[in-house]
Amino acid sequence: MAPVGGGAGDGVGEVLLDEAAIRAEVTRLGAEISSDYADKSLHLVAVLKGSAVFLADLLRALTVPATVDFISIVPYGQVTTSGVVRIRKDLDEPLEGKDVLVVEGICASGLSLSYLLRNFQTRRPASIKTCAFVAKRRERPGDITLHYVGREIPDVFVVGYGLDAQERYRNLPYIARLS
Ligand code: IMP
Ligand code: MG
C-alpha cells in the first residue's frame, strides 16, 4: 500500500548537497572551529528551527568543551526589509563573558543574523562569531560577517537537512531545491 501523502522527498528537485557532501563539510567545520577555540569553551546559540539538524552534527564534530542554547525568532510580516524580528523564545542563559558562536542552518538576506548580532552584543559576550551551514550567494547587510560557512549555494529556495518549506522536508538527509 502506498504511504498516505507520498515519500519524504516528494516535490523536491536537484540535490545540491548529498549526505556525503554534508558529512564532509560538517567534519571540516568542526575541525576548523575546534582549532580556532582550542584553549576556550564554546557557547553555541542555535537559531530554531532550521539549525537543529546541523547543530546536532556540528556538536559531535567539536573537540572543545561546548554548551548549547536556543533562540526562536519570528520575522514581522512576511517580507520586510527592515530586519525587525520578534523573539518567540529567548535564550535560557546569559551571554555575558562567553565565547558565543551563533549557529544558523541557512543565511539568505542576513537580516535575521544582523538583528540577532545587534541584540546579542548588548548582552556583553566575551566574543561572538557566526556560522551558517549554507549561505546564499547574494548581497547582505554590511554589519554581518559569516565566520564559518559549510557551503555557498545559489540564491534559490532549498529544503532538507533541517530546512523547511512550510514546516515540511526538514527530515530529508540532503539539501535540495524545491521543484
Ligand atoms: P535571512 O533572510 O538570512 O534573514 O533568513 C531568514 C530565515 O529564512 C532563515 O533562517 C530560514 O529559516 C529561512 N530561509 C531563507 N532561505 C531559505 C531557504 O532557501 N529554505 C528554507 N528556509 C529559508
Ligand atoms: Mg522556515
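Preceding this paragraph is the structure being described.
No experiment lies behind these values; they were computed from the predicted model shown.

Peer 1: Please explain the pattern of salt bridges as it appears in this structure.
Peer 2: Oppositely charged side chains are able to pair whenever their charged atoms sit close together. All chains considered together, the criterion is met by twelve salt bridges. Residues Arg151 and Glu25 are paired through a salt bridge, measuring 2.9 Å at the closest nitrogen-oxygen approach. Here the residue Arg151 occupies a position in strand S7 (residues 148-153), and Glu25 occupies one in helix H1 (residues 19-36), the gap between them amounting to 126 residues. Classification of Arg151 as partly exposed rests on a relative accessible area of 29%. A salt bridge links Arg60 to Asp57, with the nearest nitrogen and oxygen atoms 3.0 Å apart. In this pair, Arg60 and Asp57 both sit in helix H2 (residues 52-61), three residues apart, roughly one turn of the helix. Of the residues examined, Asp57 reaches a relative accessible area of 26% and is grouped as partly exposed. Counted as one network, the salt bridges with shared partners bring together Glu25, Arg28, Glu32 and Arg151.

Peer 1: Which parts of the structure should I look at to understand the site of ligand 1?
Peer 2: Neighbouring ligand 1 are 13 residues, the closest being Ala108, Ser109, Gly110, Ser112 and Val158. In this structure, an oxygen atom belonging to ligand 1 sits 2.6 Å away from a side-chain N or O atom of Ser109. Separating a nitrogen atom of ligand 1 from a backbone N or O atom of Val158 is a distance of 2.6 Å. Protein burial of ligand 1: of its 490 Å² of free accessible surface, 76% is covered by the chains. Those elements that provide at least two residues to the shell around ligand 1 are strand S5 (99-107) and helix H3 (111-121). Element by element, the count of residues in the shell around ligand 1 is highest for S5, at three residues. For the shell around ligand 1, the residue count by class is seven nonpolar, three polar and three charged.

Peer 1: I would appreciate a short explanation of the packing of aromatic side chains in the present structure.
Peer 2: Aromatic ring pairs are described here by two measures, namely the spacing of the ring centres and the angle between the planes. In this structure the tally under the stated criterion is two aromatic pairs. Relative to Phe133, the ring of Phe54 has its centre 4.9 Å away and its plane inclined at 40°; by these criteria the two rings are tilted. Of this pair, Phe54 sits in helix H2 while Phe133 sits in strand S6 (residues 127-136), and the two are 79 residues apart along the sequence. Accessibility classification places Phe54 together with Phe133 in one group, the buried group. Seen in terms of ring centroids, Phe133 and Tyr161 are 5.1 Å apart; in terms of plane orientation they differ by 55°. Their pairing is tilted. Highlighted residues: Phe133 in strand S6 and Tyr161 in the loop between strand S8 (158-159) and strand S9 (175-178), separated in sequence by 28 residues. Among the aromatic residues, those joined into a cluster by ring pairs are Phe54, Phe133 and Tyr161.

How each quantity is defined
- Note on numbering: residues in each chain are counted from 1, in written sequence order.
- Starting at A for chains and at 1 for ligands, labels are handed out in the order in which the entities are written.
- In keeping with the model being predicted, local features are shown solely for residues with a pLDDT of at least 70 and side-chain atom pairs are shown and tallied solely at 80 or more, while totals for entire chains, interfaces and linings include all residues.
- Side-chain measures were taken over the full set of non-hydrogen atoms in the model, leaving aside hydrogen atoms and water.
- Salt bridges are counted wherever a side-chain nitrogen of Lys or Arg sits within 4 Å of a carboxyl oxygen of Asp or Glu.
- In this text, helices come from DSSP runs of H or I with a minimum length of four residues, and strands from runs of E with a minimum of two, each type numbered from the N-terminal end.
- The cut-offs for exposure are 20% and 50% of the maximum accessible area for each residue type, with area from a 1.4 Å probe on protein chains only; residues under the lower value are buried, those over the upper are exposed, and the others partly exposed.
- We call a residue near a molecule or strand as soon as one heavy atom of that residue lies within 4 Å of the molecule or strand.
- Definition of a polar contact: a pair of N or O atoms within 3.5 Å, with one able to donate and the other able to accept a hydrogen when the atoms are protein atoms, and with sequence-neighbouring residues admitted only if both atoms are side-chain atoms.
- The accessible surface values rely on the Shrake-Rupley method and a 1.4 Å probe; as for residues, cover is taken only from the protein chains in view.
- For this classification, the nonpolar set comprises Ala, Val, Leu, Ile, Met, Phe, Trp, Tyr, Cys and Pro, the charged set comprises Asp, Glu, Lys and Arg, and every other residue, Gly included, is treated as polar.
- Only centres within 6.5 Å qualify two rings of Phe, Tyr or Trp (six-membered ring in Trp) as a pair; their planes then separate them into stacked at under 30 degrees, edge-to-face at over 60, and tilted for everything else.

Function-wise, these values are silent; they only describe arrangement.
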